[in-house]
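The residues making up each chain are set out below.
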Amino acid sequence: NAGVTQTPKFQVLKTGQSMTLQCAQDMNHNSMYWYRQDPGMGLRLIYYSASEGTTDKGEVPNGYNVSRLNKREFSLRLESAAPSQTSVYFCASKVGGEYNSPLHFGNGTRLTVT
Amino acid sequence: GQQVMQIPQYQHVQEGEDFTTYCNSSTTLSNIQWYKQRPGGHPVFLIQLVKSGEVKKQKRLTFQFGEAKKNSSLHITATQTTDVGTYFCAGISGSARQLTFGSGTQLTVLP
């Protein structure tokens, strides 16, 4: 039982390059999330998927796209990376849309855009 | 939009001293969750508070939710080096649909 698995763990991109961050969970959770973490700013929600087949914008969606491939997998794509997207990206999941279930986080992807 | 403020941003304590972090919202929260993130790690869920005035304890950790459900605190008694990390609060207000995280308090415990 791996929980939430993110790949890759580290990535360096040049400005303008694209990449996809992968996330998979094996807990049969309905809801999945992508956050970015920057120093002093906590965790900010990029996109989320409340259930399979749906995706919604979070607080900071510009420059990103997502795909809920199936119930297990939720990917985050940067079409044209910018230095402002240098950050640590966390994928998370939880049981369902109800507000009182806890988030389970992956180990994160550390992305540097030069 | 909904904002959750957390103070202090940093706290250094000697091992054995107490530590408190505070979380404040401008709007009434439906719930408050607390997470801990060890250095280089990922956030891990600690606890959730839902009721007005609720107090919960986990060993040396005491969590409180304010009567007006606009603030919360985490108090650690007699800190240990294993308490090192960043503590985040996160809450949902009535109008929001997803959790908003505070900026976190980074705790350093000096041996």
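Novice: Tell me about the sheet that holds strand β7 (residues 64–68) of chain A, and please be specific about residues and values.
Specialist: All names here are of chain A. With respect to topology, four strands assemble into an open sheet ordered β1-β3-β8-β7, the strand pairing being antiparallel. Either end of the sheet is taken by a strand with one partner, and the two such strands are β1 (4–7) and β7. Each adjacent strand pair in this sheet contributes to an overall mean axis angle of 15 degrees, direction not counted.

Novice: Summarise the state of the cysteines; cite the residues concerned and give the values.
Specialist: Each disulfide is one covalent bond, formed between the sulfur atoms of two cysteines. Within this structure, the stated rule accounts for two disulfides over all chains. Bridging C23(A) to C91(A), the disulfide has an S-S length of 1.9 Å. Given an S-S torsion of about -75 degrees, the disulfide between C23(A) and C91(A) has left-handed geometry. Note that C23(A) is positioned in strand β3 (residues 19–25) and C91(A) in strand β9 (residues 87–94), a separation of 68 residues in sequence. Grouping residues by exposure puts C23(A) and C91(A) together as buried. Between the sulfur atoms of C23(B) and its disulfide mate C89(B) the distance is 2.0 Å. Between C23(B) and C89(B) the sulfur-sulfur dihedral comes to about 75 degrees; the bridge is accordingly right-handed. In this pair, C23(B) is assigned in strand β3 (residues 19–25) and C89(B) in strand β9 (residues 85–93), connecting sequence segments 66 residues apart.

Novice: Requested: an account of the sheet that holds strand β6 (residues 55–58) of chain B, with residues and values cited.
Specialist: Residue and element names in this part refer to chain B. One open sheet holds the five strands; their spatial order is β1-β3-β8-β7-β6, and the pairing between them is antiparallel. Each having just a single partner strand, β1 (4–7) and β6 make up the two edges of the open sheet. For this sheet, the mean angle separating the axes of adjacent strands, direction not counted, is 15 degrees. Sheet topology places strand β7 (residues 61–65) next to strand β8 (residues 71–76); five bridges connect them, and they run antiparallel. Note that in β8 the partner of L61 across the bridge is I76.

Quick notes on the rules
Residues numbered from 1 in each chain as written. Chains lettered and ligands numbered in written order. Predicted model: local features only at pLDDT ≥ 70, side-chain atom pairs only at ≥ 80, totals over all residues. Heavy atoms only, no water. Pairing = 2+ DSSP bridges. Helix = DSSP H or I, 4+ residues; strand = E, 2+ residues; numbered from the N terminus. Axes fitted to C-alpha atoms, helices over the stretch in contact; angles between N-to-C directions. Disulfide = S-S within 2.5 Å. Buried < 20%, exposed > 50% of the residue type's maximum accessible area, 1.4 Å probe, protein only.

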